[in-house]
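# What the coordinates show
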Protein chains: 2
Amino acid sequence: MSRTGERGVPEGRRGERAAWLDAVAWNEQGLVPAIAQEAASGRVLMLAWMNREALAETVRSGYAVYWSRSRQRLWRKGESSGHRQRVREVHLDCDGDTVLLVVEQAGGIACHTGRAHCFFRRLQEGGWEVVEPVIEAPETIYGGTRDD
Amino acid sequence: MSRTGERGVPEGRRGERAAWLDAVAWNEQGLVPAIAQEAASGRVLMLAWMNREALAETVRSGYAVYWSRSRQRLWRKGESSGHRQRVREVHLDCDGDTVLLVVEQAGGIACHTGRAHCFFRRLQEGGWEVVEPVIEAPETIYGGTRDD
């Protein structure tokens with residue numbers, strides 16, 4: 001017996017109640033911010049957003065799935081670039097309104113700019129300085145179209 | 001000559017233009033999520049929100065200042081608990097809509113529950129399990145009133 005969530009997507013394991021999804025304090029848009037941290041390095045890779053379906057699929061599949069606010073659809077991280085995120089741990093914070101994923105980052109590139117992570121600008125001398133190199137050009141990664 | 005932001009609070013160093021604050025993609029409430037990561041351990045401590053004034057004061061003072069959405073006022077982290085966060089680095093992500101602070105956490109306690117960090121619940125066997133101990137009871141930290 002499996003439970004299904006909105007849109008008929010099964011939630012979690014067979015027979016599992018979705019109480020753990022109900023414990024998340026979704027915001028008024030039904031979203032929660034999710035931080036991805038690289039397991040080996042401890043590096044904070046990115047922050048994206050999840051809806052209930054994205055978090056359920058993340059846990060079910062073992063790969064990070066976000067909700068793209070700009071495209072208004074599920075965003076299976078790495079689906080076009082190959083830069084998927086294998087999820088090793090899922091954490092929830094004290095208020096239940098932020099998720100932390102501990103992941104293995106395929107290709108060592110989390111950012112759509114071709115950098116290892118998204119926080120490549122650092123405040124220095126009163127301005128944002130780019131402090132991380134581009135590992136692979138986005139044109140090469142995406143074949144000309146920006147994606148994930 | 002110093003520039004002042006809304007509410008007459010000086011922004012950044014003397015004579016500095018606030019272009020770096022303009023580069024942040026504040027949301028429709030004028031806020032941006034800010035992740036605090038511990039410098040020494042790499043541990044992700046918490047996520048909170050900042051408005052322009054909070055980020056400006058963070059940089060000016062060198063200590064993390066957030067915007068409390070529940071209290072609708074500036075939240076100088078640690079002001080009552082002493083668990084301040086000394087800011088060593090400030091990063092901005094590719095889309096400009098998330099800030100990452102690299103901090104030194106005073107007292108080794110970032111969470112109002114008395115734990116080292118806020119992500120102390122981990123998804124295991126289909127439920128959230130508490131995987132971090134309370135280091136100091138909140139009653140001791142705050143003298144009976146929940147605060148920061």
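Below or above, wherever it landed, is the structure these notes cover. All of these numbers come straight from a predicted model, not from anything done at the bench.

## Points about the relation of the copies chain B and chain A
Rotating chain B by 180 degrees about the axis while translating it 0.0 Å along that axis superimposes it on chain A, leaving an RMSD of 0.0 Å. Such a turn and shift between the copies fits a two-fold axis. By C-alpha distance to the rotation axis, the residue of chain B lying nearest is Gly42(B), at 2.7 Å. By residue overlap, the copies meet face to face through one surface: 100% of the interface positions of chain B are interface positions in chain A.

## Focus: the interface of chain B and chain A
Opposite the 33 residues of chain B that make contact, chain A presents 33 residues. Of the residues forming the side of chain B that touches chain A, the biggest block, four residues, is contributed by strand 5 (residues 85-92) of chain B. By residue class, the composition of the side of chain B that touches chain A is 18 nonpolar, nine polar and six charged. Direction of pairing for strand 5 (residues 85-92) of chain A relative to strand 7 (residues 121-124) of chain B: antiparallel, over a ladder of two bridges. When the bridges of strand 7 of chain B are listed, His91(A) appears paired with Arg122(B).

## Focus on the sheet that holds strand 7 (residues 121-124) of chain A
A sheet is described by the order of its strands in space; here six strands give the open sequence 8(A)-7(A)-5(B)-6(B)-1(B)-2(B), paired in mixed fashion. With partners counted over all chains shown, the strands left at the sheet margins are strand 8 (127-130) of chain A together with strand 2 (44-50) of chain B, one partner each. Strand-to-strand twist across the sheet, computed as the mean angle between neighbouring axes with direction ignored, equals 35 degrees. In this sheet, strand 2 of chain B lies alongside strand 1 (residues 32-38) of chain B in antiparallel orientation, the contact comprising six bridges. Within strand 2 of chain B, the residue paired with Ala34(B) across the bridge is Ala48(B).

## Describing the sheet that holds strand 5 of chain A
Read from one edge to the other, the open sheet built from six strands follows the order 2(A)-1(A)-6(A)-5(A)-7(B)-8(B), with strand pairing classed as mixed. Looking along the sheet, the strands with just one partner apiece sit at the ends: strand 2 (44-51) of chain A together with strand 8 (127-130) of chain B. Neighbour to neighbour, the strand axes of the sheet diverge by 35 degrees on average, direction disregarded.

Definitions and limits used
- Residues numbered from 1 in each chain as written.
- Chains lettered and ligands numbered in written order.
- Predicted model: local features only at pLDDT ≥ 70, side-chain atom pairs only at ≥ 80, totals over all residues.
- Least-squares fit on C-alpha atoms with pLDDT ≥ 70 in both.
- Contact = placed C-beta atoms within 7 Å.
- Helix = DSSP H or I, 4+ residues; strand = E, 2+ residues; numbered from the N terminus.
- Nonpolar A, V, L, I, M, F, W, Y, C, P; charged D, E, K, R; others polar.
- Pairing = 2+ DSSP bridges.
- Axes fitted to C-alpha atoms, helices over the stretch in contact; angles between N-to-C directions.

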